[in-house]
Amino acid sequence: ILPNQPTTPPGVFSSVFSGAHTPFRYGFDDGNGCGSGAGTTAATSFTASLNVAKDCLVSATNVNFGSPGILSSNVDATGAVNVTCSATTPYSVSLGNGLNGTAPTARRMRKGVGTEYVTYGLYRDVNRLLPWGETIPTNTVAGTGNGLAQNIPVYATVPPQNTPSPGTYTDTVVITVTY
């Protein structure tokens, strides 16, 4: 199978070889290093087949809100989800609520192992009106694979809120691709 055929759709592919396409030539060695002459030719048939399965791979780039001082106005950032699915394979991308969140716009980043949090939301649109969650098809992103990586932007916002103590706040969000 030749490499770099990412746009091949799922399915069974086969080729049948027979007759003039499959000659086998064989000879005989008498043990003294002498062959039996020209040898014998015979033909047979065989099938080469491959089943391309539906499959998807996912990766992501982090969302980094930078280093704002006071959280008195929206702090926007972007990230991305990269989905590579077999050609013609429909898929849906879901984003979990994170380790400390309760809803797509109420995810929370935590400072270390402490009890201080910063609330943020992840969205499917640049205007940050469509939350990105886990309910297919209500708040997920759908697409159809083409065998190549498809970049899907993730729009994020930290809304105005009481500013916690300085430090690094993080969260982990699980990405699920359903196909």
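One structure accompanies this document, and this report is about it. (Residues numbered from 1 in each chain as written. Predicted model: local features only at pLDDT ≥ 70, side-chain atom pairs only at ≥ 80, totals over all residues. Heavy atoms only, no water.)

Attention now goes to the sheet that holds strand S5 (residues 56-61). If you trace the 6 strands from one edge of the open sheet to the other, you get S5-S6-S11-S9-S8-S12, paired in antiparallel fashion. With partners counted over all chains shown, the strands left at the sheet margins are S5 and strand S12 (169-170), one partner each. In terms of strand pairing, strand S8 (residues 107-111) meets strand S9 (residues 117-123) through 4 bridges, oriented antiparallel. The residue of S9 that forms the bridge with Arg 108 is Thr 119. (Pairing = 2+ DSSP bridges. Helix = DSSP H or I, 4+ residues; strand = E, 2+ residues; numbered from the N terminus.)

Buried residues dominate strand S6 (residues 75-85), accounting for 8 of its 11 residues. Alignment of S5 against S6, held across 6 bridges, turns out to be antiparallel. Pairing of Val 58 across the sheet is with Val 83, part of S6. (Buried < 20%, exposed > 50% of the residue type's maximum accessible area, 1.4 Å probe, protein only.)

Quick look at the state of the cysteines now. All chains considered together, the criterion is met by 1 disulfide. Cys 56 shares a disulfide with Cys 85; S-S distance 2.0 Å. With the S-S dihedral at roughly 115 degrees, the linkage between Cys 56 and Cys 85 falls on the right-handed side. Taken as a pair, Cys 56 in strand S5 and Cys 85 in strand S6 lie far apart in primary sequence, 29 residues in all. The class of Cys 56 is buried, set by a relative accessible area of 12%. (Disulfide = S-S within 2.5 Å.)

Let us now look at the pattern of salt bridges. One pass over the full model with this rule turns up 2 salt bridges. The salt bridge involving Asp 76 is made with Arg 128; its shortest N-O contact spans 3.5 Å. Taken together, the positions of Asp 76 in strand S6 and Arg 128 in the loop between S9 and strand S10 (141-144) put the pair 52 residues apart, joining distant regions of the chain. According to the relative accessible area criterion, Asp 76 is partly exposed, its value standing at 44%. Between Glu 116 and Lys 111 there is a salt bridge, and its shortest N-O distance comes to 3.8 Å. Looking at Glu 116, the relative accessible area reads 27%, which means it is partly exposed. Under the relative-accessibility criterion, Lys 111 is labelled partly exposed at 24%. (Salt bridge = Lys/Arg side-chain N within 4 Å of Asp/Glu carboxyl O.)

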